[in-house]
Amino acid sequence: MEKMELPEKLKIKELYESYYDTFNEILSYIEARLKKVIRMQSLPTYKSRIKSFPSYYKKILRQKPTEAAQTKKLVTLTDMIGIRVICAFIEDLSVVQKILMENFDVKEVEKKGAEQSFREFGYESVHVLIAIPEDCLPVKYKKELPENLVCEIQIRTILQDAWAEVEHELIYKSEFNPFDKPLRRKLASINASLSLADTIFQEIRDYQNKLQDELGSRRNTFYEKADELTDDVNGKVSLPASPFAFSSNRTDSIDDLVLQALHEHNQGNFVRAIEIYTQILNSTPTPPAVVLGVIYKHRGMAYFAQSDYEKALEDFKSSIEADPKGFRSLYYQGIVLSIMGKDADAIDCFSRSLEIDRFQSHVYYRRSLSYYNTRDFVRAMDDINSAINLGLEDEHVKALRLKIMKEFDMN
């Protein structure tokens with residue numbers, strides 16, 4: 001029998017460690033590039049590492065023993081340079097993968113754990129292998145780097161990463177293979193619970209996104225009507241645009257009812273929206289104060305859309321009573337008052353709103369408009385300048401500022 005040549009560990013270690021600093025430099029470049037190109041609502045966190053020599057040596061003996069023994073070149077593994085991108089939600093995984101595909105030379109994509117049944121344990125993770133970008137190579141080492149060198153980028157959720165870390169300690173690192181059925185069930189149960197938690201977190205996120213979409217649409221409708229009335233009724237400069245099929249039954253939760261009401265509101269079905277808002281306000285037990293504040297505010301906006309200004313004012317006041325920190329309800333109340341020609345009262349509401357949050361550029365604009373209507377041009381100029389300093393500068397703002405300046409010139 002032909003004698004197989006054995007790898008020389010010390011020589012392999014010396015060769016591997018000669019590249020270690022270079023790998024670290026490459027790693028830092030790629031991580032910096034990742035942070036530059038990955039832009040999402042919930043930014044991920046990063047973990048990076050160069051594979052330690054003991055782990056490297058153990059793996060090449062298991063996977064490539066012949067190559068390790070017969071070559072003086074460094075044996076490459078796909079995970080010698082590794083970065084982990086840890087996301088908050090399941091939906092973020094595909095977003096990050098797409099960004100990698102668009103910004104790197106992707107050699108391979110593997111979804112670990114996707115084939116496992118719910119009775120099995122093991123982490124899920126997306127592994128993406130990328131070629132080392134030219135601009136991430138240290139110039140003096142470009143010709144000396146091992147062939148087929150890649151960087152492995154793992155994409156996981158926070159819970160997937162937590163499970164992987166624990167599993168590594170319990171099973172892989174300790175070389176423990178759990179054949180005991182009760183123990184296997186426990187591990188499978190933990191993994192299933194974490195997967196379920198990830199799913200629930202994503203469902204909550206989906207609900208929040210849908211809610212925010214409905215809120216944004218409803219809020220813009222309110223501002224558009226306020227702008228039209230400002231032009232048509234007062235004949236003054238309008239406010240710039242804001243930056244920002246359901247059925248109900250007795251078994252619906254408050255969250256469900258809120259979405260239904262917002263949807264009806266955004267569809268222009270104001271009577272139906274008011275009915276659902278009222279159903280929420282009259283529900284038993286009485287909703288928490290913070291919920292009451294939100295619902296009164298929404299119903300007030302629906303009344304406003306129907307030009308029922310008195311009821312709108314009542315609801316905005318009720319919203320503020322339920323939630324004294326509700327600066328938007330004060331702002332909306334001020335808008336209604338200004339449209340009704342009660343600029344002095346509107347100024348009071350705008351001022352109270354700014355006391356809670358002084359970084360509202362649109363509120364400064366509206367208060368400036370009310371000051372202009374009351375011929376307090378000094379304060380009007382102060383407020384329009386504050387709005388501009390906070391970044392609100394378009395043709396409407398410029399037009400109002402020009403009108404104020406003309407008043408100074410005339411006096």
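The structure presented is a predicted model; accordingly, all values stated were derived computationally and were not measured. (Residues numbered from 1 in each chain as written. Predicted model: local features only at pLDDT ≥ 70, side-chain atom pairs only at ≥ 80, totals over all residues. Heavy atoms only, no water.)

*Asks:* What should I look at first to understand the overall build of the chain in this one?
*Replies:* Each helix and strand counted, the chain has 16 helices and 5 strands in total. In the chain, which comprises 411 residues, the share counted as buried stands at 45%. Accessible surface, the chain: about 22800 Å² in total, of which carbon and sulfur atoms supply 51%. (Helix = DSSP H or I, 4+ residues; strand = E, 2+ residues; numbered from the N terminus. Buried < 20%, exposed > 50% of the residue type's maximum accessible area, 1.4 Å probe, protein only. Areas by Shrake-Rupley, 256 points an atom, 1.4 Å probe, with all protein chains shown as cover.)

*Asks:* What exactly am I supposed to notice about the packing of aromatic side chains here?
*Replies:* Geometry of an aromatic ring pair is reported as the spacing of the ring centres plus the angle between the planes. According to the stated counting rule, one finds 11 aromatic pairs in the structure shown. Between Y16 and Y56, the ring centres sit 4.3 Å apart and the planes meet at 20°, which makes this aromatic pair stacked. Of this pair, Y16 sits in helix α1 (residues 9-18) while Y56 sits in helix α3 (residues 53-63), and the two are 40 residues apart along the sequence. Using a relative accessible area of 1% as the deciding quantity, one classes Y16 as buried. In this structure, R33 is placed above the aromatic ring of F104, and the distance from its NZ or CZ to the ring centre is 4.7 Å. (Phe/Tyr/Trp six-rings, centres within 6.5 Å; stacked < 30°, edge-to-face > 60°. Lys NZ or Arg CZ within 6 Å of the ring centre and 35° of its normal.)

*Asks:* I'm lost on the packing of helix α8 (residues 254-266) against helix α9 (residues 270-281) in this one. Help?
*Replies:* Each packed pair of helices is defined by two parameters, the angle between the axes and the distance between the axes. At a minimum axis distance of 8 Å, the contact between α8 and α9 shows a crossing angle of 160°. By the criterion of interaxial angle, the relationship of α8 to α9 is roughly antiparallel. Considering how the two elements wind past one another, α8 and α9 form a crossing that is left-handed. Along the contact surface, α8 presents I254, L257, V258, Q260, A261, L262, E264 and H265, while α9 presents F270, R272, A273, I276, Y277, Q279 and I280. (Axes fitted to C-alpha atoms, helices over the stretch in contact; angles between N-to-C directions. Parallel < 35°, antiparallel > 145°, perpendicular 65-115°, else oblique. Left-handed = near helix turned anticlockwise from the far one by under 90°. Contact = heavy atoms within 4.5 Å.)

*Asks:* So what exactly am I meant to see when it comes to the sheet that holds strand β5 (residues 150-157) here?
*Replies:* The strand order across the open sheet built from 5 strands is β1-β2-β5-β4-β3, with neighbouring strands paired in mixed fashion. The sheet is open, and its two borders are formed by β1 (45-50) and β3 (106-112), each paired with just one other strand. Here the average twist between neighbouring strands, direction ignored, is 20°. Relative to β5, strand β2 (residues 81-87) is paired through 7 bridges, and the arrangement is parallel. The residue bridging C87 from the neighbouring strand is T157, located in β5. Where helix α2 (residues 20-37) meets the sheet, its contacts fall on β1, β2, β4 (125-131) and β5, and the angle it forms with β1 comes to roughly 165°. (Pairing = 2+ DSSP bridges.)

*Asks:* Just to check I follow, could you spell out the pattern of salt bridges for this structure?
*Replies:* Scanning the model with the defined rule gives 17 salt bridges in all. Of the charged contacts, one joins D383 and R367 as a salt bridge, the two residues approaching to 2.6 Å between their closest N and O atoms. Here the residue D383 occupies a position in helix α15 (residues 377-389), and R367 occupies one in helix α14 (residues 361-373), the gap between them amounting to 16 residues. No difference in accessibility class separates D383 from R367, as the two residues are buried. When salt bridges that share partners are traced, they join K47, R84, R156 and D161 into one network. (Salt bridge = Lys/Arg side-chain N within 4 Å of Asp/Glu carboxyl O.)

*Asks:* Is there a simple way to think about the nonpolar core in this case?
*Replies:* Grouped together as the largest cluster of nonpolar side chains are 46 residues, with contacts concentrated most on Y277, Y365, I384, L400 and I404. Every residue in contact with Y277, bar those within four places of it in the chain, is listed here: A261, L262, H265, I295, H298, R299 and A302. Counting 41 residues, the second-largest nonpolar core is a separate cluster that includes I50, L74, L100 and L145. (Core = buried A, V, L, I, M, F, W, Y, C linked by side-chain atoms within 4.5 Å.)

*Asks:* Honestly, the side chain of R367 in this entry has me stumped. Any pointers?
*Replies:* Look at R367 and you get buried, because its relative accessible area is 14%. Within polar-contact distance, the side chain of R367 engages the side chain of D383 at 2.6 Å. (Polar contact = N/O pair within 3.5 Å; in protein donor to acceptor, adjacent residues only side chain to side chain.)

*Asks:* When you look at a nonpolar patch on the surface in this model, what are you seeing that I'm missing?
*Replies:* Taken together, the side chains of L196, I200, F201 and I204 present a nonpolar region at the surface, about 350 Å² in accessible area. The exposure class assigned to F201 is partly exposed, which follows from its relative accessible area of 40%. (Patch = residues over 30% accessible without salt bridge, like charges linked within 9 Å, V, L, I, M, F, W, Y side chains within 5 Å.)

*Asks:* What exactly am I supposed to notice about helix α5 (residues 90-103) here?
*Replies:* Three or four residues apart is the spacing at which side chains of an α-helix point the same way, because the helix has 3.6 residues per turn. When the terminal C-alpha atoms of α5 are compared, their 21 Å separation across 14 residues agrees well with the 20 Å that a helix rising 1.5 Å per residue should span. All of the buried residues along α5 are D92, L93, V96, Q97, I99 and L100. Buried residues along α5 cover an arc of 160° about the axis, so they all sit on one side. (Expected span 1.5 Å × (residues − 1). Arc of directions from axis to C-beta.)

*Asks:* Honestly, α9 in this entry has me stumped. Any pointers?
*Replies:* Over its 12 residues, α9 runs 16 Å from end to end, which matches the ideal 16 Å to within 8%, given 1.5 Å per residue. Those residues of α9 that fall on the buried side of the exposure criterion are F270, A273, I274, I276, Y277, I280 and L281. Buried residues of α9, viewed axially, fall in a sector of 165°; they line one side. Buried-residue contacts for α9 involve α8 and α10 (289-305).

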